[in-house]
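# Fold and contact review
Spelled out, the chains give:
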Amino acid sequence: MSERALTAFYGGTFDPIHYGHLRSVIALARLVNLQRVILLPNNVPPHRPQPVASAQQRLAMARLAIAELPDPLFTLDERELQRPTPSYTVDTFRALRREYGPDAPLAFIIGQDSLLTLPQWHRGLKLPTLCHLLVCARPGYDDGLADERDNRWLIRWLTRDLQALHRQPARLIYCAATPQLAISASNIRARYREGRACDGLLPPSVQGYIDAQGLYL
Ligand code: ATP
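Per chain, residues are indexed from 1 in the order of the written sequence. Local features in this predicted model are restricted to residues whose pLDDT is 70 or higher, and side-chain atom pairs enter the listing and the counts only when it is 80 or higher, whereas totals over whole chains, interfaces and linings include all residues. Computation of side-chain values: all heavy atoms of the structure, hydrogens and water removed.

### Remarks on the pattern of salt bridges
What counts is decided by this rule: Salt bridge, as used here: a side-chain nitrogen of Lys or Arg that lies within 4 Å of a carboxyl oxygen of Asp or Glu. Where helices and strands are cited, they refer to DSSP runs of H or I of at least four residues and of E of at least two residues respectively, numbered from the N terminus. Remark: exposure states derive from per-residue accessible area (1.4 Å probe, protein chains only) relative to the maximum for the residue type, with buried under 20%, exposed over 50%, and partly exposed in between.
Inspection of every chain in the model, using the stated rule, returns nine salt bridges. The shortest N-O distance in the salt bridge between Arg63 and Glu78 comes to 2.8 Å. With Arg63 in helix 2 (residues 55-68) and Glu78 in the loop between strand 3 (74-76) and helix 3 (79-82), this residue pair connects regions lying 15 residues apart in the sequence. In this structure, Arg152 and Glu148 form a salt bridge, with 3.6 Å as the shortest nitrogen-oxygen distance. Linking Arg152 with Glu148, this pair stays in helix 6 (residues 148-157), spanning four residues, or about one helical turn. On the basis of relative accessible area, Glu148 is assigned to the exposed category, the value being 62%.

### With respect to the nonpolar core
In summary, soluble globular proteins display a tendency toward joint burial of nonpolar side chains. We apply this condition: Think of a nonpolar core as a cluster: buried Ala, Val, Leu, Ile, Met, Phe, Trp, Tyr and Cys residues, connected wherever their side-chain atoms sit within 4.5 Å. Contact criterion: two residues are considered in contact whenever any of their non-hydrogen atoms come within 4.5 Å of each other.
Of all hydrophobic cores here, the largest spans 44 residues; its most connected members are Ile17, Leu34, Val37, Met61, Phe74, Ile109 and Leu134. With near-sequence residues (within four places) excluded, Ile109 lies in contact with Ala8, Phe9, Tyr10, Gly11, Val25, Leu28, Leu34, Val37, Leu134 and Cys136. Residues Ile38, Phe93, Phe108 and Ile173 belong to the second largest nonpolar core, which totals 21 residues.

### Remarks on the environment of Glu78
Applicable threshold: Here a polar contact means two N or O atoms within 3.5 Å. Within protein one must be a hydrogen donor candidate and the other an acceptor candidate, and residues neighboring in sequence count only if both atoms are side-chain atoms.
Exposure remark for Glu78: the relative accessible area of 25% places this residue in the partly exposed category. Between the C-alpha atom of Glu78 and that of Gln213, which follows or precedes it by 135 residues, the distance is 21 Å. For Glu78, the residues in contact, after removing those within four places along its chain, are Leu59 and Arg63. Within the structure, the side chain of Glu78 is placed 2.8 Å from the side chain of Arg63, a separation counted as a polar contact.

### Focus: the packing of aromatic side chains
For clarity, the cut-off: Within 6.5 Å between ring centres, the rings of Phe, Tyr and Trp (the latter by its six-membered ring) count as paired, and their orientation is classed by plane angle as stacked under 30 degrees, edge-to-face over 60, tilted in between. Whether a charge lies above a ring is judged from NZ of Lys or CZ of Arg, which has to be within 6 Å of the ring centre and within 35 degrees of the ring normal.
All chains considered together, the criterion is met by six aromatic pairs. Taken together, a centroid distance of 6.1 Å and an interplanar angle of 45° make the contact between Tyr192 and Tyr216 tilted. One end of the pair, Tyr192, is in helix 8 (residues 185-193); the other, Tyr216, is in the segment after helix 9 (204-213), and 24 residues separate them in sequence. For Tyr216, a relative accessible area of 4% puts it in the buried group. Counting every residue linked through ring pairs, the aromatic cluster contains Phe9, Phe93, Tyr100, Phe108 and Trp121. The lysine or arginine in question, Arg23, covers the ring of Tyr19, its NZ or CZ lying 3.8 Å from the ring centre. Over the ring of Trp157 we find Arg171; its NZ or CZ atom is 5.5 Å from the centre of that ring.

### Examining helix 8
Every buried residue belonging to helix 8 is among Ala185, Ile188, Arg189, Ala190 and Tyr192, and all of these are buried. Buried positions along helix 8 lie against helix 9. Within two residues after helix 8, Gly195 carries a phi angle of roughly 70°, on the positive side.

### Quick notes on the site of the ligand
Counted only if it meets this: Proximity criterion: a residue is near a molecule or strand once any of its heavy atoms comes within 4 Å of it. Here the open area of atoms and residues is found with the Shrake-Rupley method and a 1.4 Å probe, where only the protein chains shown may cover a residue.
Neighbouring the ligand are 21 residues, the closest being Tyr10, His18, Asp113, Ala185 and Ser186. Between His21 and the ligand, the recorded distance is 3.0 Å, taken from a side-chain N or O atom to an oxygen atom. Taking Ala185, its main chain carries an N or O atom lying 2.8 Å from an oxygen atom of the ligand. The protein chains hide 85% of the 600 Å² of surface that the ligand would expose on its own. Secondary structure elements with two or more residues in the shell around the ligand: strand 1 (7-12), helix 1 (19-32), strand 4 (106-111), helix 5 (112-117) and helix 8.

Spelled out as structure tokens, the structure:
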């Protein structure tokens, strides 16, 4: 791997991790030529609805999902879960930027729904000063940001230039034409509560773990 290969991080609650996450990112990796995606499971701030599974359970499910995939694209970074308090993504990327150095191309992967809420994140619009944003399609969400000024900001940084993502360390936003996968963790949890099958929505090993732990009942 060249020293300047683009390293991409994928944050999420992963409660549980599912094929909407995995297949979107595998497709993204092919489009953008990513060699490495690092899952970054997060703690959830106290004022937001708490995950149903514990941090350890979410981590275990992410590990199982990765182990089941044929290609070695994914690894895990446990730093946010190891902290006692939730971390802001912008602070995690400040730390990552210090570790990787000023010239390393870094990216944060999000779904289209997360792009739409980015202006409400803590220093959300500052995030691209530290990394590129790679956005996966997700059905049912608008293309543009609701606020006109935020949307002008978005249009300014949008790129179709894949090479630039590997050349520049940060700043660009790439909306990828990944498959539209109508899968969400909340829907999966609801299906478990209702005793409905979840085949095809998440890896069999993760389903086995959920059953063994009696999660989401
Ligand atoms: P919930 O339904 O509980 O809100 P979720 O399915 O959105 O959960 P998260 O772990 O919160 O899962 O999401 C982590 C990241 O994955 C977010 O950036 C989100 O936009 C993205 N993501 C989740 N599901 C999909 C999907 N089906 N397609 C594309 N991106 C997705």
